Amino acid sequence: MEFLGLVNYALFMAIFIGIYALLVLGLNIQWGFAGLFNAGIAGFFAIGAYTSAILTTPADPGRIGGFDLHFLIGLLGAMAAAALVAWPIGKICLRFRSDYLAIASIGIAEIIRLVIKSEPALTNGARGISGIPRPAGDIGYMESQIAYLAIVLVILIVAYLLVERQFNAPWGRMMRAIRDNEDAAMAMGKDVEFRRLEAFIFGSALMGLGGALFAHFNRSITPEAIDPMVATFLVWIMLILGGSGNNRGAILGAAVVWIIWSVSEIATDRLPHEYAVQAKYIRLFLIGLMLQLVLRFRPEGLLPEPLRGDQRTTRSGADQP
C-alpha cells in the first residue's frame, strides 16, 4: 500500500512538472528569446485556468458560462483568451524597459486576480469554480493519473518541438538579434515593437495553456491557487536555474525546482505540528539558496543557451580586422 502511495505521488509530481514546464517555456519565449521581463505570469495562468473552467463546466445558474464543451475546446479557448488579453497589455506595457516592465506586469497580474476574486457573476468569486471535468476522470484513481500524465506529456512534447523549431528558424535568430542589440536590429529594418509583442503573445498563450491543464487536473480553481509565489516566482527560478534561452534547460529547471519544492514539503510535514508550520519557510530558504548558488557559480544556468550558427558567424566576424 505504501508503494502504491509513492507511485501515486510520483505521478502527481510528474504532472505538475509537465504543467510548470509549459509555463517556463512560455517565459523562455518572452525572456530567453526577446528579453521581456514579465513578472505577471500568474495573471495569464489565471486567465487560462478560468477560461477553460467556464467553457467546460456544466451550466450554473449562479454565474455566467458553464457551456459544457469538450476538454480540447477548453484548452484552445484558454490559449486564445490569454493571447487576446496579452495583446492590449503588450501594446501598452512593452514600451517600458526592464524593471519598469516588471512593475507594470506585476500590477496587471494583481488587477486580474482582484477581478477574478470580486466578480462572482463570472468566476464565482472567492469560492471559485468546481466540477471541472478531467479527461479519463471516471476510471480508477491511478489509471486517471497515468492518463492525465500522458496528455500533459504529449502537449508538452508538441509545445517543445514547435518552440524549438521557431528558435532555430529565422524568427528565432531575429528575436535573439533584437534581444542582444535592439538598435542594430532596428537599423536593419526589423519591426522591433511588433516582434516583441509577438513574443509576448506567444509566451502568454503557453502560460494560459498551463493554467488550463492545472485547473482540469485539480478539477477546481480558486483565487488562492493564483499565488504569485508559485505561479510567478517559482517559474522564474526554474528558468534561471535551467538556463535562459535553452528550451531543454527550461524543462530541466522545472523538474529540479519542483522536485525540491515537493520533497521539502514532505520532510517538513513529518515534523511535530508546532515546528511544521515554521519549517515551511525552509522551502523558500532552500529555493533561494539554490538560486544564489547558481547565480554565483553558474549564472548561465545548468544548460546554457547553445551557441548557434548565427552567433558563431557574428563572433568570428567580430574578431576579424
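1. Describing the overall build of the protein
Scanning the protein from N- to C-terminus turns up 13 helices and two strands. In terms of overall dimensions, the protein is globule-like: its C-alpha atoms have a radius of gyration of 20 Å, near the 20 Å expected for 321 residues. Seen through its principal axes, the protein has C-alpha atoms that stretch 70 × 45 × 35 Å. Looking at the protein as a whole, 49% of its 321 residues qualify as buried. Sequence-distant contacts in the protein: of pairs separated by 6 or more residues, those separated by 24 or more amount to 77%. With the model as given, the accessible surface of the protein reaches about 15,800 Å², and the carbon-plus-sulfur share is 68%. If the 25 positive side-chain charges of the protein are averaged to one point and the 24 negative ones to another, these points end up 5 Å apart.

2. Re the packing of aromatic side chains
This structure, assessed with the given rule, holds 17 aromatic pairs. Between F45 and F214 the ring centres are 5.2 Å apart and the planes differ by 55°, which places this aromatic pair in the tilted class. One end of the pair, F45, is in helix α2 (residues 41–56); the other, F214, is in helix α9 (residues 192–218), and 169 residues separate them in sequence. With respect to class, F45 is no different from F214; both count as buried. When the centroid spacing of 6.0 Å and the interplanar angle of 50° are considered together, the rings of W171 and F202 count as tilted. Separated by 31 residues along the polypeptide, W171 in helix α7 (residues 170–180) and F202 in helix α9 bring together distant segments of the chain.

3. Some details on the side chain of R63
Along the chain, the position of R63 falls in the loop between α2 and α3 (71–93). Ignoring any residue separated from it by four or fewer positions in sequence, one finds R63 in contact with I54, T57, P58, P120, A121, L122, N124 and I129.

4. A word on the pattern of salt bridges
Opposite charge on two side chains permits them to pair, given that their charged atoms come into close proximity. Taken as a whole, this structure holds seven salt bridges when the rule is applied. Note that R113 and E110 form a salt bridge whose closest N and O atoms lie 2.5 Å from each other. Note that R113 and E110 are positioned in helix α4 (residues 98–118) at a spacing of three residues, about one turn of the helix. Here R196 and E182 are joined by a salt bridge, their closest N and O atoms 3.7 Å apart. Separated by 14 residues along the polypeptide, R196 in helix α9 and E182 in helix α8 (residues 182–187) bring together distant segments of the chain. Overlapping salt bridges, with partners in common, bring together R179, D180 and E305 in one network.

5. Digging into the packing of α3 against α9
The N-to-C vectors of α3 and α9 enclose an angle of 145°; their axes lie 7 Å apart at closest approach. Crossing angle aside, the handedness with which α3 passes α9 is right-handed. Counted together, F71, L75, A78, M79, A82, A83, A86, W87, I89, G90 and K91 of α3 and E193, L197, F200, I201, S204, A205, G208, L209, A212, L213 and H216 of α9 form the full contact between these two elements.

6. Concerning unusual backbone geometry
For D68, which is not a glycine, the phi torsion comes out positive at approximately 55°. Within the secondary structure layout, D68 lies in the loop between α2 and α3. The phi torsion at N124 lies on the positive side, around 65°, for a residue other than glycine. With respect to the secondary-structure elements, N124 resides in the loop between α5 (120–123) and β1 (129–130).

7. A word on the side chain of N247
Along the polypeptide, N247 turns up in helix α11 (residues 247–269). Taking relative accessible area as the criterion, N247 reaches 1% and is therefore assigned buried. What N247 contacts, discounting residues up to four positions off in sequence, is L25, N28, F33, Y160, V163, E164 and F167.

The rules behind these values
Sequence order as written defines residue numbering, which begins from 1 separately in each chain. Totals for whole chains, interfaces and linings use all residues, but because this is a predicted model, local features are given only for residues with pLDDT of at least 70 and pairs of side-chain atoms are given and counted only at 80 or more. Side-chain numbers come from the whole structure's heavy atoms, not from hydrogens or water. A run of DSSP states H or I qualifies as a helix once it reaches four residues; a run of E qualifies as a strand once it reaches two. Both are numbered from the N-terminal end. We take the radius of gyration over the C-alpha atoms and set the globule estimate at 2.2 Å times the residue count to the 0.38 power. Partly exposed residues are those whose accessible area sits between 20% and 50% of the maximum for their type, while under 20% is buried and over 50% is exposed, using a 1.4 Å probe and protein chains only. In what follows, residue pairs with any heavy atoms lying within 4.5 Å of each other are defined as contacts. A 1.4 Å probe and the Shrake-Rupley method give the accessible areas. Residues count as covered only by the protein chains that appear here. The sign given to each residue is positive for Lys and Arg and negative for Asp and Glu; His and the chain ends receive no count. The location of each charge is read from NZ of Lys, CZ of Arg, CG of Asp or CD of Glu. Stacked, edge-to-face and tilted are the three classes for Phe, Tyr and Trp ring pairs, Trp counted by its six-membered ring, which pair at centre distances within 6.5 Å; planes under 30 degrees apart are stacked, over 60 edge-to-face, the rest tilted. The rule for a salt bridge is simple: a side-chain nitrogen of Lys or Arg has to be within 4 Å of a carboxyl oxygen of Asp or Glu. The axes are straight lines fitted to the C-alpha atoms, using for helices just the contacting stretch, and the angles between their N-to-C directions are given from 0 to 180°. Left-handed is the label given to a crossing in which the near helix is rotated counterclockwise from the far helix by less than a right angle, and right-handed is the label when the rotation is clockwise.

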